[in-house]
Amino acid sequence: MLSRAVNKKLLVKHHPAIQAAFCFKSELKEPKNHPVYQARLKSTDGSSHQTSDYLKYGLAAVGLAISGSLLKLYIDGQNSPVECAKKAQNVFSRDEVSKRKTKQDGIWVIYDNNVYDITDFVEGHPGGATKIMLAAGDNLEPYWDMYAFHKKGEVLEMLKEYYIGKLRKEDWVVARKTEGPFANDPKRHPALLANSKEPFNGETPSVLANDNLITPNDLFFVRNHLPVPDLKGEDCRLKIEGTSKCITLDLNELKSKFEKVEIISAIQCAGNRRSEMNKIKKVKGLSWSHNAISNAKWGGVLLRDLLLAAGIDPNDKTLKHVHFEGADKDVSGSCYGASIPINRVFAKHLPILVAYEMNDEPLPRDHGFPLRIVAPGIVGARNVKWLERIAVSPDEYQGHWQQNDYKPFSSNVDWDTVDFSKSVAIQELPVTSAICYPTDGAEVDQAEEELTVKGYAYSGGGRGILRVDVSVDDGKSWITAELNRSEQDLDSTYSWTLWECTVLIPEGHKGKMNIMCRAVDSSCNTQPDTVAPVWNLRGCLNNSWHNVELKVTDSE
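From a predicted model like this one, the values you see are computed outputs, not experimental measurements.

Criteria and cut-off values
- Throughout this description, residue numbers start from 1 for each chain and increase along the sequence as written.
- Owing to the predicted nature of the model, reporting of local features is limited to residues with pLDDT of at least 70; listing and counting of side-chain atom pairs is limited to 80 or more, with chain, interface and lining totals taken over all residues.
- Side-chain metrics rest on all non-hydrogen atoms present in the structure, leaving aside hydrogens and water.
- Starting at the N terminus, helices and strands are each numbered in turn, a helix being any DSSP run of H or I of at least four residues and a strand any DSSP run of E of at least two.
- For every residue, the accessible area obtained with a 1.4 Å probe (protein chains only) is divided by the maximum for its type, and the residue is called buried under 20%, exposed over 50%, and partly exposed between those limits.
- Working rule for contacts: check all heavy atoms of both residues, and any pair within 4.5 Å makes them a contact.
- When DSSP finds at least two bridges between two strands, those strands are taken to pair.
- We define a salt bridge as a contact between a side-chain nitrogen of Lys or Arg and a carboxyl oxygen of Asp or Glu at a distance within 4 Å.
- Here, nonpolar core means buried Ala, Val, Leu, Ile, Met, Phe, Trp, Tyr and Cys residues that are tied together by side-chain atoms lying within 4.5 Å of each other.
- How far each domain reaches was decided by an automatic or database domain assignment.
- Between rings of Phe, Tyr and Trp, where Trp is taken as its six-membered ring, a pair exists when centres lie within 6.5 Å; planes separated by under 30 degrees are stacked, by over 60 edge-to-face, and by other angles tilted.
- The criterion for a charge sitting over a ring is simple: Lys NZ or Arg CZ within 6 Å of the ring centre, and within 35 degrees of the ring normal.
- Side-chain atoms alone can form a polar contact between residues adjacent in sequence; in general such a contact is a pair of N or O atoms within 3.5 Å, and within protein one must be able to donate a hydrogen while the other accepts it.
- The arc in question is formed by the directions pointing from the helix axis toward the C-beta atoms.
- For cavity detection a 1 Å grid was placed over the protein atoms alone, and a set of points counts as a cavity when a 1.4 Å probe fits there but cannot get out; an open set counts as a pocket when protein lies on both sides within 12 Å along at least five of seven lines, with lining residues being those that have an atom within 4 Å of a point.
- Grid points are joined across faces, edges and corners, and a volume is the space filled by probe spheres set on the points.
- Asp, Glu, Lys and Arg are counted as charged, while Ala, Val, Leu, Ile, Met, Phe, Trp, Tyr, Cys and Pro are counted as nonpolar; the rest, among them Gly, fall into the polar class.
- Criterion for a disulfide: a pair of cysteine sulfur atoms within 2.5 Å.

So, about the overall build of the protein. Looking only at helices and strands, the protein features 14 helices and 29 strands. Within the span of the protein, comprising 556 residues, buried residues form 51% of the whole. In the protein, the proportion of contacts linking residues at least 24 apart, taken out of those at least 6 apart, comes to 70%.

Structure representation (structure tokens):
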């Protein structure tokens, strides 16, 4: 007789009807990438073609019916009323659950204040083991809220099978910090990978980073330098200082007196992929992986329109810079501020926004509510949040983060020789790309023969992505990936580009497989092949070829 664990794996992972049912119910954005939808039907002449209509609605319906029946028979045998009553007497602390994150210790999760041991289910998860492992040792709700199909009856019934007890009542609500400058920070999605907690800085998990062209607000990477202000929309006042007059606008005036403009644009931290530079030589700064970048649809008012309303002459050659100041302040009362060259507004006509919406919703607190700068193609450090003041000047902004940070240096400059006054502030970003799936260190079975690789590419200054190449033989040969672009012209592309390709698992792999990617933008700029030439003491602008190394196993 098969063991319980083997039964679960057969039932969930290998039963094609159940797989088809879950694919259908999940309403995946790109169902063609799911293994079920990659099934092939052989025709009489020996050729193959993709199953049409995603294995047909009929198969999905049959799958639901069969899966429901099988699950009921199985669950009825495993979770009788007597068994459930016994398990209900088990009470676990949140601390106990948080330690159960591995196959060796068990993988536990919490849902509706009940505790479940899903160790045997993880490998059979239709969405992949890496995604369900994000919730290991914690609550399922934040992840299930992103994918509503999880709350269907058949999925909840399946979850019951893994019930092992209750969460103790005192752990139902985790107490929030009540003292200190960060006590009133907003609640964040637990999937965000924190690089620092005070101030909070976190990036999107790689397995979720390129699920969609638009990053959900909750999963958009967060970069804060100071405590998050708690501002009210009705109290918003934006001061715009021209050369001869100053105007102040509230939120309603911005919305009613100026044309609303929407744009899809990525924002990327200058330190994205800094962790790779640390492998060469330690640098100062948050050790970001490759997901300190996200993409959103922004709505607001053109900065150009506001400057003109303040009486600023676009032909005034004495004006060189536009300054921005936010409401986030340090203990001395100094605010976060930055500037961009004014020619980006009047000469290059970049669609720089004073934004009040993000993905058709008011800006979240972490992302600058009620107003922020969105400067497409320009480094994230200049995209000032919680915007309160705009001014024009012959000189660059003199604040710390403009003058003594976020500047590029040669790899031969170190902290004993650095002179920030001799370098320029970073503005447009260079072309870059990264692999989001599979993740570094993941395992792949050589019996699968081929592997789907996914990632993103991006370039600053409005330059679109022409091509992304992927190699599995250390750059000896390359495969050109399929691109998923936004509907923007190549010479005015501000969104990132997602890409995907299928690669063969190389023969003679010796248990390892290295995948690398490189991108080319619309100006034919490409990426350097290694990190060392672009290393710098602040770890900024790492745009070298991105690599992930996989473990290749043999299941046969």
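Right, picking up where we left off after that structure.
Moving on to the sheet that holds strand β9 (residues 200–203). Paired through their backbone hydrogen bonds, the strands of a sheet run either parallel or antiparallel. Across the sheet, three strands lie side by side as β8-β9-β10; this open sheet has antiparallel pairing. Each edge of the open sheet is held by one strand with a lone partner, namely β8 (193–197) and β10 (222–223).

Counting through the fold element by element, E253 comes out in helix α10 (residues 251–257). With 16 residues separating them along the chain, E253 and R237 place their C-alpha atoms 9.8 Å apart. Residues contacting E253, with those up to four places away along its chain left out, are T248 and F258.

On to the pattern of salt bridges, then. With the rule as written, the count across this model stands at 24 salt bridges. A salt bridge links K260 to E262; the nearest nitrogen and oxygen atoms lie 3.4 Å apart. One salt bridge connects D521 with R463, and the closest N-O pair in it is separated by 3.2 Å. Here D521 is found in strand β28 (residues 512–521), whereas its partner R463 is found in the loop between β23 (450–458) and β24 (465–471), with 58 residues between them in sequence. According to the relative accessible area criterion, R463 is partly exposed, its value standing at 21%.

With four bridges joining them, strand β5 (residues 106–111) and strand β6 (residues 114–117) adopt antiparallel strand pairing. Bridged to V109 within β6 is Y116. The pairing of β6 with strand β7 (residues 163–167) spans three bridges and is antiparallel. Counterpart to Y116 in the pairing with β7 is Y163.

Once that is clear, we can look at the nonpolar core. The biggest cluster of nonpolar side chains holds 72 residues, and the ones touching the most others in it are W298, L307, V322 and I390. Counting residues per element, this core draws most heavily on strand β17 (residues 353–358), at five residues. Each of domain 2 (233–404) and domain 3 (431–553) accounts for three or more of the residues forming this core. Not counting residues within four places of it along the chain, the set of residues in contact with I390 comprises L238, K239, I240, E241, L303, L307, V322, H323, F324 and V354.

Strand order in this open sheet of five strands is β3-β7-β6-β5-β4, and the pairing throughout is mixed. Where the open sheet ends on each side, the last strands, each with one partner, are β3 (91–92) and β4 (101–102).

Along the polypeptide, N383 turns up in the loop between β19 (372–374) and β20 (387–393). Judged by its relative accessible area of 3%, N383 is buried. Sequence-distant contacts of N383, defined by excluding residues within four places in its chain, comprise I267, R372, I373, V374, A375 and I378.

This part is about the packing of aromatic side chains. Here the structure, examined in full by the defined rule, presents eleven aromatic pairs. Taking 5.4 Å as the distance between ring centres and 20° as the angle between the ring planes, the aromatic pair formed by Y456 and W496 counts as stacked. With Y456 in strand β23 and W496 in the loop between β26 (482–484) and β27 (497–504), this residue pair connects regions lying 40 residues apart in the sequence. Like Y456, the residue W496 is buried in the burial classification. Taken together, a centroid distance of 5.0 Å and an interplanar angle of 80° make the contact between W478 and W545 edge-to-face. One end of the pair, W478, is in the loop between β24 and β25 (479–480); the other, W545, is in the loop between β28 and β29 (546–553), with 67 residues separating them in the sequence. By relative accessible area, which is 15% here, W545 ends up buried. In this structure, R100 packs its charged tip against the face of W108, placed 4.3 Å from the ring centre.

This next bit is on the side chain of S206. Tracing the backbone through its elements, the reader meets S206 in helix α9 (residues 206–209). Owing to a relative accessible area of 12%, S206 belongs among the buried residues under this scheme. Side-chain polar atoms of S206 contact the side chain of H290, separated by 3.0 Å. Within the structure, the side chain of S206 is placed 2.7 Å from the backbone oxygen of C436, a separation counted as a polar contact. Sequence-distant contacts of S206, defined by excluding residues within four places in its chain, comprise H290, N291, I435, C436 and T439.

Of the residues making up helix α8 (residues 153–160), those classed as buried are V155, M158 and L159. Across the axial projection of α8, the buried residues extend over an arc of 100°, all falling on one side.

Next up on the list: empty space enclosed by the protein. Under the defined criterion, the tally for this structure stands at two cavities of 30 Å³ or more. The calculated volume of the largest cavity comes to roughly 230 Å³. R223, R372, G380, N383 and K385 are, among the 20 residues lining the largest cavity, the residues nearest its centre. Class assignment of the residues belonging to the lining of the largest cavity gives a composition of eleven nonpolar, five polar and four charged.

Let's shift gears to the state of the cysteines. Under the counting rule described, the total for this entry stands at zero disulfides. Here C540 stays free of any disulfide, with the sulfur of C269 as its closest cysteine sulfur at 7.4 Å.

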